[in-house]
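# An overview of the molecular structure
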Amino acid sequence: VGQSMGNQIMAQMWAVDFCVKRPTGRVGVTNSDVQARNDAGEQEKIDSNKITKPSFKIDQKSDHPAWELLDLNARKFDSILTRYSVNDARRGFHIVPQCKVGEMVAELSEARRERLALAEEFRDTWSILIENLRKKFNGHFHLLFPKLPNPESLLEKFDVTWVLNPMTPIDPAHFNLANVNEADRAKLIEESTNMTKSLIAQQAKGIYDQVFGTVLAQCDEIAAGSFESGTRKFGSITELVEIIDRLRNFGELGNAEILAHASATRDLLAGITDISDINTNSGQNQVTAAIKAASKPLATAIKTMLEARKGAPRARRHMES
């Protein structure tokens, strides 16, 4: 880790505020009473102010297949964010390497186009939902019908939004500071710069923990035999590929050795198309042995880099200054 790591991280990261919209699949029943037996075994009405009102569930696959298709589409956005970003849960945004913002937005845009097409088809076949709900709730459908969303609003209700901002200090050339005196202008720029540096310093450890630490933890589990016992689901392979892809996307924060081992491990995992290849002989097979062998040097390279970071006080002081 060089002395310029703090400035490197600050120059390379963008903040992405992101939201995948989805209307609720439950519609409350307001004009209803709830009864239950009390401790004496007697049936009585429960005070409506002390309980949650019952609701109609309208988003099951049997209600309309669009619900499942749209939820499957939402997982694409989860995958994209996993591969390209680190989540800052406290501040509610995602941190993305500057060099990967364009690729990420291209994938987000394609997934959004698919989502809006599904929402449009849902709107055009809204009558299927109405008929299925009418059968499902029978004589109580009249309570639900007035509360159903307007089908014309579905495109907006299932839309996806994102806002991107570079994590850099204020650039006076891009702001109108004509009405700010010179002293206040200098103070504003200084405080903005200090705040950005402070934010990056706080995020540095989290970025390394998520990007490199998560892969290292998986490698350690593989070394301990996680693929050599029990039955694995294909999702475990997909998740591992995604976090390795994220490591590669944040590659400028690592080194060439890590990237080379990450690519080799990723290519091996991506070549697995049948989970039975891993589960054969209870995990004792050539495929799991190859995964274990490939992940070992990757783990070693990550540990070496992280240990170097811990042992480089000058670099840390520079990053946190």
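Look up: the structure comes first, before these words.
Before going into details, it helps to say that this report is about the structure given with it.

Analysis parameters
Residues numbered from 1 in each chain as written. Predicted model: local features only at pLDDT ≥ 70, side-chain atom pairs only at ≥ 80, totals over all residues. Heavy atoms only, no water. Axes fitted to C-alpha atoms, helices over the stretch in contact; angles between N-to-C directions. Helix = DSSP H or I, 4+ residues; strand = E, 2+ residues; numbered from the N terminus. Parallel < 35°, antiparallel > 145°, perpendicular 65-115°, else oblique. Left-handed = near helix turned anticlockwise from the far one by under 90°. Contact = heavy atoms within 4.5 Å. Nonpolar A, V, L, I, M, F, W, Y, C, P; charged D, E, K, R; others polar. Pairing = 2+ DSSP bridges. Buried < 20%, exposed > 50% of the residue type's maximum accessible area, 1.4 Å probe, protein only. Core = buried A, V, L, I, M, F, W, Y, C linked by side-chain atoms within 4.5 Å. Salt bridge = Lys/Arg side-chain N within 4 Å of Asp/Glu carboxyl O.

Before going further, it helps to spend a moment on the packing of helix H9 (residues 256-270) against helix H11 (residues 286-310). Here H9 crosses H11 at 155°, and the two axes come no closer than 9 Å. Considering their axes alone, H9 and H11 lie roughly antiparallel with respect to each other. Viewed along their axes, H9 and H11 form a crossing whose handedness is left-handed. Contacts from Glu257, Ile258, His261, Ala262, Thr265, Leu268 and Leu269 of H9 reach H11 at Ala290, Ile291, Ala294, Ser295, Pro297, Leu298, Ala301, Ile302 and Met305. Broken down by class, the residue content of the contact of H9 with H11 amounts to 12 nonpolar, three polar and one charged.

Turning our eyes to something else, we now look at the sheet that holds strand E1 (residues 13-20). The strand order across the open sheet built from four strands is E6-E7-E1-E8, with neighbouring strands paired in antiparallel fashion. Bordering the open sheet on either side are strand E6 (86-88) and strand E8 (160-166), each of which pairs with just one other strand. For this sheet, the mean inter-axis angle between neighbouring strands, taken without regard to orientation, is 30°. Sheet analysis places E1 next to strand E7 (residues 93-97), joined by four bridges and oriented antiparallel. From the neighbouring strand, Val16 faces E7, where its bridge partner is His94.

Note on placement: Ala256 falls in helix H9. Since its relative accessible area comes to 63%, Ala256 is described here as exposed. In sequence terms Ala256 and Ala301 are 45 residues apart; their C-alpha atoms lie 9.7 Å from each other.

For the rest of this paragraph, the subject is the nonpolar core. Counting 36 residues, the largest nonpolar core has Phe212, Val215, Leu247, Ile258, Leu269 and Ile302 as the members making the most contacts within it. Elements supplying a minimum of two residues to this core: E1, E7, helix H7 (182-223), helix H8 (234-249), H9 and H11. Residue contributions to this core peak at eight residues, all from H7. Residue contacts for Ile302: discarding those within four places in its chain leaves Phe212, Val215, Leu216, Leu247 and Ile258. Trp126, Phe137, Phe141 and Leu154 belong to the second largest nonpolar core, which has 20 residues in total.

We now examine the pattern of salt bridges. Within the structure shown, the criterion is met by 17 salt bridges. In this structure, the salt-bridge partner of Arg22 is Asp71, at a minimum N-O distance of 2.8 Å. Here Asp71 lies in helix H2 (residues 66-84) and Arg22 lies in the loop between E1 and strand E2 (26-28), a separation of 49 residues in the sequence. Overall, the relative accessible area of 32% leaves Arg22 in the partly exposed class. Asp245 is the partner of Arg248 in a salt bridge, and the nearest nitrogen-oxygen pair spans 3.2 Å. On the criterion of helical spacing, the pair formed by Arg248 and Asp245 is a turn pair, its members being three residues apart in helix H8. Classification of Arg248 as partly exposed rests on a relative accessible area of 33%. The exposure class of Asp245 is buried, given its relative accessible area of 9%. A single network of salt bridges, built from pairs that share partners, joins Arg22, Asp59 and Asp71.

A positive phi angle, close to 50°, is found at Asn138, a residue other than glycine. Here Asn138 is to be found in the loop between helix H4 (126-137) and helix H5 (141-144). At Asn281, a position not held by glycine, the phi torsion is positive, near 55°. Locating Asn281 in the fold gives a position in the loop between helix H10 (276-279) and H11.

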